[in-house]
Amino acid sequence: MLHENLTINEKGHLCIAGVDTVCLAEKYKTPLMVMDEERIRRNFRVYKNAMAKHFGQDSFPAFASKAFSCKYIYRIAKEEGVGIDIVSSGELYTALEAGFDVSKSFFHGNNKTDFDIEYGIENGVGHFVVDNMTELDSIDRIAGEKGIVQPVIIRLTPGIDPHTHAAITTGQVDSKFGIAIETGQATEAVKYTLSRKNIRLDGFHCHIGSQIFDIKPFCDAAKLMIEYISSLKRELGYEASILNLGGGFGVRYIEAQPELDYDEFIRLVSVYIDNEVKASGIKKPQIIMEPGRSIVADSCLTLYTVGGTKEISGFKNYASIDGGMPDNPRYALYQADYTICLASRMNDKADFECTIAGRCCESGDLLQEGVLIPKPQRGDILAVLVTGAYNYSMASNYNRIPRPAVLGIKDGKEFEVIRRETFADLVKNDI
Ligand code: LLP
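Positions within a chain are numbered from 1, following the residues in the order the chain's sequence is written. It should be noted that, the model being predicted, local features are given only for residues of pLDDT at least 70 and side-chain atom pairs only at 80 or more, the latter also being counted only at that level, while totals for whole chains, interfaces and linings use all residues. The side-chain numbers reported here are obtained from all heavy atoms of the structure, hydrogens and water having been left aside.

(A) Molecular detail of the overall build of the protein chain. We count a stretch as a helix when DSSP gives it H or I for four or more residues in a row; a strand needs E for two or more, and each element gets its number in order from the N terminus. The secondary structure content of the protein chain amounts to 12 helices and 21 strands. Taking 2.2 N^0.38 as the reference for a compact globule, 431 residues should give roughly 22 Å; the C-alpha atoms of the protein chain span a radius of gyration of 23 Å, in line with that estimate. For each residue, the accessible area found with a 1.4 Å probe, counting protein chains only, is set against the maximum for its type, and the residue is called buried under 20%, exposed over 50%, and partly exposed in between. Taken over 431 residues, the protein chain has a buried fraction of 59%. In the protein chain, once contacts between residues fewer than 6 apart in sequence are set aside, the share between residues at least 24 apart is 70%. For the accessible areas, the method is Shrake-Rupley and the probe is 1.4 Å, while residue cover comes only from the protein chains on display. When the accessible area of the protein chain is evaluated, it comes to approximately 17800 Å², of which 50% is carbon and sulfur surface. In this count, Lys and Arg are taken as positive residues and Asp and Glu as negative ones, while His and the chain termini are left out. Where a charge sits is defined by one atom per residue type, namely NZ (Lys), CZ (Arg), CG (Asp) or CD (Glu). Between the mean site of the 48 positive side-chain charges and the mean site of the 59 negative ones, the protein chain shows a separation of 2 Å. All radius of gyration figures rest on C-alpha atoms, and the globule criterion is 2.2 Å times the number of residues raised to 0.38. Any two residues whose heavy atoms approach within 4.5 Å are treated as being in contact.

Dropping the structure here:
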């Protein structure tokens, strides 16, 4: 199957990490997300080991927790000894609640409010990833008020096009994120930062985009960043000690996509870095990466119950499920690819072509079009695979639909990691 943690048992049911998904759906109801903890830990270790091996022992992954933010994942990140990327005070709060040591965190965002900055400083965030000049002023002022010197790195836009969906491309010069190298504004920002009393500039960050299968843009970005770091040494005598290369490695959602060898990708990036470091004679910075999707996506699937099916004569067929864009808005937003199967009848012939429709009151609420599954009956369990990233974290209560429960699986046993929202949860803030 798509990933090795997915199998089919003797009943013809889909299993994840050896556990029968149809039994889970019966016991916990649907929609239901199920996460294979070993897979998450394995993915962390792939990055951690490859980065230590190819970039150096001080190098580590900082999990981009926007992909999936809850106490469970920060606890795993803590146990695996990795860092985190956070992008809001809400993510920071969740990490703190989970007991995560946030000195190993990078606080992102193109519009950190003064509250975010204060909250981050008070709680000992490791580095702010500075996005713009006005933010620098706020960090300098607030750090001064608190009597500390706050470490930061600056987010740069290297001007690289990674050829992915436009909504998740970020490294180009006219991006809402970061400061451009090409226009000279990055160097202005560096000079300004170095002149601030309450800020310590430790280095730089770039992130070119997400769901990228080609290694070339990562290598180009790394080379460009090292070139820039060495130009600063020549021009200003300033030497950066951290280079954070962001996230973005692609994940296999459908058979037609490859399963990337992240160790090999990291090795290739390291060759570019080492060559450039050697050529320019700078000290090699500590390399950080921020994988999000490639840590959690393939650990998870979402189970739904099929309700109505519709065969529109001369047109197409629909199968409707008891979830949709509230728990997974990615098809509606990005026409994202997904593999969908009928978890309750995996061995039946998949010859019914249909569109999988969510239950929301709008036509755009689809999970996929033109999929082939066995002709579903009301009550069949349908699985959408590879839903661990940017599903729960982007979920909403649109149409007042409660968010699903999330289960973890470890050693063949399931446990709840996020409970299903209740109707009472839906009205808890209504006055
Ligand atoms: N670092 C930074 C600064 C980022 O902005 C992101 C993702 C990452 C790391 C992690 O990238 P990853 O390894 O997950 O590709 N909601 C969209 C994806 C948005 C990505 C935002 N930034 C989706 O569902 O495809």
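Alright, that's what it looks like, and here's the rest.
(B) Local environment of the site of the ligand. Near is defined per residue: the residue qualifies when any heavy atom it owns lies within 4 Å of the molecule or strand. As a matter of local geometry, the ligand sits amid 20 residues, with S210, E290, R293, R330 and Y390 nearest to it. G248 is positioned with one of its backbone polar atoms (N or O) 2.9 Å from an oxygen atom of the ligand. Counted as a polar contact is a pair of N or O atoms within 3.5 Å, where, for protein atoms, one must be capable of donating a hydrogen and the other of accepting one, and residues adjacent in sequence contribute only when both atoms are in side chains. In this structure, R330 approaches the ligand through a side-chain N or O atom, which is 2.5 Å from an oxygen atom. Contact with the protein chains covers 91% of the free accessible surface of the ligand, which is 590 Å². The residue inventory of the shell around the ligand, partitioned by class, reads 6 nonpolar, 8 polar and 6 charged. When we break the shell around the ligand down by domain, the ones giving at least three residues each are domain 1 (6-36 + 297-427) and domain 2 (108-291). Note on residue classes: Ala, Val, Leu, Ile, Met, Phe, Trp, Tyr, Cys and Pro are nonpolar, Asp, Glu, Lys and Arg are charged, and everything else, Gly too, is polar. Domain limits in this description derive from either an automatic procedure or a database domain assignment.

(C) Quick look at the pattern of salt bridges. Think of a salt bridge as a Lys or Arg side-chain nitrogen and an Asp or Glu carboxyl oxygen that are within 4 Å of each other. What the rule picks out here adds up to 33 salt bridges. For E79, the salt bridge goes to R41, with nearest N and O atoms at 2.5 Å. Taken together, the residues E79 in helix 3 (residues 71-80) and R41 in helix 2 (residues 37-54) connect sequence positions 38 residues apart. Salt-bridge contacts for R252 lead to E255; the nearest nitrogen and oxygen are separated by 3.5 Å. By relative accessible area, R252 is classed as buried at 16%.

(D) Examining the sheet that holds strand 3 (residues 19-20) more closely. Sheet architecture is open: 3 strands sit in the order 1-2-3, paired in antiparallel fashion. Of all strands in the sheet, those with a lone pairing partner are strand 1 (6-8) and strand 3, marking the two edges. Both strand 1 and strand 2 (residues 14-16) contribute to a ladder of 3 bridges, which runs antiparallel. Looking at the pairing, L6 lines up with I16 of strand 2. For two strands to be treated as a pair, DSSP must find at least two bridges joining them.

(E) Layout of the packing of aromatic side chains. Each pair of aromatic rings taken from Phe, Tyr and Trp, with Trp reduced to its six-membered ring, is defined by centres within 6.5 Å and is described as stacked if the planes are under 30 degrees apart, edge-to-face if over 60, and tilted in the remaining cases. Following the criterion strictly, the structure yields 13 aromatic pairs and no others. The interplanar angle of 15° and the centroid separation of 5.5 Å between the aromatic rings of F115 and Y119 together place this pair among those described as stacked. Here Y119 and F115 lie together in helix 5 (residues 114-122), a separation of 4 residues that amounts to about one turn. Judged by its relative accessible area of 52%, F115 is exposed. Members of the aromatic cluster, joined through ring pairs, are Y47, F218, F249, Y262 and F265. Lying across the ring of F60, K104 places its NZ or CZ 4.7 Å from the centre. Placement of a positive charge over a ring is assigned whenever Lys NZ or Arg CZ falls within 6 Å of the ring centre and within 35 degrees of the normal to the ring plane.

(F) Molecular detail of helix 5. All buried positions along helix 5 are accounted for by D116, I117, Y119, G120 and I121. Turning to helix 5, the residues buried within the fold contact helix 4 (89-97), strand 7 (105-107), strand 8 (127-130), helix 6 (133-146) and strand 9 (150-157). Directly beyond the C-terminal end of helix 5, a positive phi value near 75° is found at G124.

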